[in-house]
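Here's the letter readout for the chains.
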Amino acid sequence: MSEGLRVADVTFRYGAKTALEEVSFDIAPGRFAALLGPNGAGKSTLFGLLTRLFTTAEGRIEVAGHDIARAPRAALARMGVVFQSPTLDQDLTIRQNLGYFAALHGLSGAEARGRIDAALDRLAIAERAGERVRDLNGGHKRRTEIARALIHAPSVLLLDEATVGLDAASRQAITDHVHRLCAEDGLTVLWATHLTDEVRDSDRLVVLHRGRVLADGECGALRGDAPLKDYFLTATGAPA
Ligand code: ADP
């Protein structure tokens, strides 16, 4: 069974407004795919469908081989999600936040501790594990959210504008960490962003615009000699 992510012919409407129209792409296991689109492209709507906040009868979504409509529990169990809005408890420490999440997934004792230590290590925040989230800077808060999304050992990780509001150095550190999760742990990543400088030439790039997939391929091949910013502007008519 593939540990990747498959979106096939997905259409979604808010009443009369079509937000996604026959969106299809397939992300192979262990790949980093950037979902790039200007505001209003449909990224959040797609995330809502991937995480079952909404459902649609049109099209099919498979997470690690599980159809999200037919086997939602199995599909969601294989998925880690980092939402745009922070969802950590500010008054708990990093370790307590992760511990709480582990407990929600039925993990306890040595198993929970092992998963938590591995996730802290992955995101290079082990030495801060005892600090309250409230006292962390924005970059470390986001890293904690990513670490938490790994606790139940998902094979697919979804991140919705994970670097919003961070400075350049923190953004770079987070994109590096997430690339490493693909390369070293074989995680399949869907990284939604409207920022072209977060996408690397070797990344898979899916360009979403007005609810449709405008382009899909390796970033370097798609942009050719043009900077990605210019390619994106020409493709969508939207500045990035
Ligand atoms: P993005 O996340 O890429 O900015 P969205 O998924 O939020 O895009 O929006 C896609 C389209 O759907 C936009 O045209 C937006 O105006 C519309 N839309 C989003 N949410 C709603 C809603 N609750 N009701 C009606 N239209 C919506």
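Residues numbered from 1 in each chain as written. Predicted model: local features only at pLDDT ≥ 70, side-chain atom pairs only at ≥ 80, totals over all residues. Heavy atoms only, no water.

An unreviewed UniProt entry lists the protein under the name ABC-2 type transport system ATP-binding protein, with Roseivivax sediminis given as the organism. Of the comments in the UniProt record for the protein, the one headed Sequence similarities (unreviewed entry) reads "Belongs to the ABC transporter superfamily." (UniProt positions renumbered as here; feature names shortened; annotations may be inferred.)

> Lay out the pairing of strand β7 (residues 156-160) with the relevant residues and their values.
For a regular strand, side-chain orientation follows a simple rule: the groups alternate between the two sheet faces. Across the five residues of β7, five count as buried, placing the element largely inside the fold. Residues Val156, Leu158 and Asp160 of β7 are buried on one face, and the alternating residues Leu157 and Leu159, pointing to the opposite face, are buried as well. Alignment of strand β6 (residues 79-82) against β7, held across four bridges, turns out to be parallel. Bridging from a neighbouring strand, valine 81 pairs with leucine 158 of β7. (Buried < 20%, exposed > 50% of the residue type's maximum accessible area, 1.4 Å probe, protein only. Helix = DSSP H or I, 4+ residues; strand = E, 2+ residues; numbered from the N terminus. Pairing = 2+ DSSP bridges.)

> Summarise the nonpolar core; cite the residues concerned and give the values.
In terms of nonpolar packing, the biggest core is built from 43 residues, with Ile146, Leu157 and Leu159 touching the most fellow members. Taken domain by domain, this core gets at least three of its residues from each of domain 1 (1-78 + 156-240) and domain 2 (90-153). When sequence neighbours within four positions are dropped, the list of residues in contact with leucine 157 reads Gly80, Val81, Ile146, Ala149, Leu150, Leu181, Leu187, Thr188, Val189 and Leu190. Membership of the second largest hydrophobic core comes to 27 residues, among which are Leu5, Leu46, Leu49 and Ile61. (Core = buried A, V, L, I, M, F, W, Y, C linked by side-chain atoms within 4.5 Å. Domains from an automatic or database assignment. Contact = heavy atoms within 4.5 Å.)

> So what about the domain arrangement of the protein? Which residues, and what values?
Domain boundaries in the protein define domain 1 (1-78 + 156-240) and domain 2 (90-153). Taking only C-alpha atoms, the centre of domain 1 and the centre of domain 2 are 25 Å apart. Both sides of the domain 1 and domain 2 interface together cover about 1,100 Å² of buried area, and 62% of this is carbon and sulfur. Ranking the residues of domain 1 by area buried against domain 2 places Ile174, His177 and Leu181 at the top, with a combined share of 37%. Measuring nitrogen to oxygen at the nearest pair gives 2.7 Å for the salt bridge that ties aspartate 185 to arginine 122. The interface formed by domain 1 and domain 2 contains five residue pairs in polar contact (both at pLDDT 80 or more). Residue assignment for the side of domain 1 that touches domain 2 shows that the elements contributing at least two residues are α2 (72-77), β7 and α6 (168-185). With nine residues, the top contributor of residues to the side of domain 1 that touches domain 2 is α6. Residues that form the side of domain 1 that touches domain 2 fall into these classes: eleven nonpolar, two polar and six charged. (Buried area = accessible area lost by both parts, 1.4 Å probe. Salt bridge = Lys/Arg side-chain N within 4 Å of Asp/Glu carboxyl O. Polar contact = N/O pair within 3.5 Å; in protein donor to acceptor, adjacent residues only side chain to side chain. Nonpolar A, V, L, I, M, F, W, Y, C, P; charged D, E, K, R; others polar.)

> Would you mind going over the packing of aromatic side chains in detail, with residue names and values included?
Per the counting criterion, the structure on display carries four aromatic pairs. Arranged with centres 5.3 Å apart and planes meeting at 20°, the rings of phenylalanine 12 and phenylalanine 54 form a pair that is stacked. You can see phenylalanine 12 sitting in strand β1 (residues 5-14) and its partner phenylalanine 54 sitting in the loop between α1 (43-50) and β4 (60-63), a full 42 residues away along the chain. For phenylalanine 54, a relative accessible area of 28% puts it in the partly exposed group. Aromatic side chains phenylalanine 32 and tryptophan 191 sit 5.7 Å apart centroid to centroid with 40° between the ring planes, which places their arrangement in the tilted category. Of the two residues, phenylalanine 32 is situated in strand β3 (residues 32-36) and tryptophan 191 in strand β8 (residues 188-193); the sequence distance between them amounts to 159 residues. By relative accessible area, which is 4% here, phenylalanine 32 ends up buried. According to the relative accessible area criterion, tryptophan 191 is buried, its value standing at 0%. Through a chain of ring-to-ring contacts, the aromatic side chains of Phe12, Tyr14 and Phe54 assemble into a single cluster. A cation sits over an aromatic face here: arginine 148 above phenylalanine 101, 5.3 Å from the ring centre. (Phe/Tyr/Trp six-rings, centres within 6.5 Å; stacked < 30°, edge-to-face > 60°. Lys NZ or Arg CZ within 6 Å of the ring centre and 35° of its normal.)

> Describe in detail the sheet that holds strand β10 (residues 212-218), supporting the description with residues and values.
Judged by pairing direction, the sheet is mixed, and its six strands sit side by side in the order β6-β7-β8-β3-β9-β10 without closing on themselves. If you trace the sheet from one side to the other, it starts and ends with β6 and β10, each paired once. When strand polarity is set aside, the average angle formed by the axes of neighbouring strands in this sheet is 15°. Its contacts with the sheet place helix α8 (residues 228-236) against β3, β9 (204-209) and β10, and it is angled at close to 35° to β9. (Axes fitted to C-alpha atoms, helices over the stretch in contact; angles between N-to-C directions.)

> Lay out the environment of arginine 200 in plain terms, naming residues and giving numbers.
Assignment of secondary structure puts arginine 200 in the loop between β8 and β9. The exposure class of arginine 200 is partly exposed, given its relative accessible area of 29%. Spatially, the C-alpha atoms of arginine 200 and alanine 28 are 17 Å apart, while their sequence positions differ by 172 residues. When neighbours within four sequence positions are excluded, arginine 200 is seen to be in contact with Gln172, Thr175, Asp176, His179 and Cys219.

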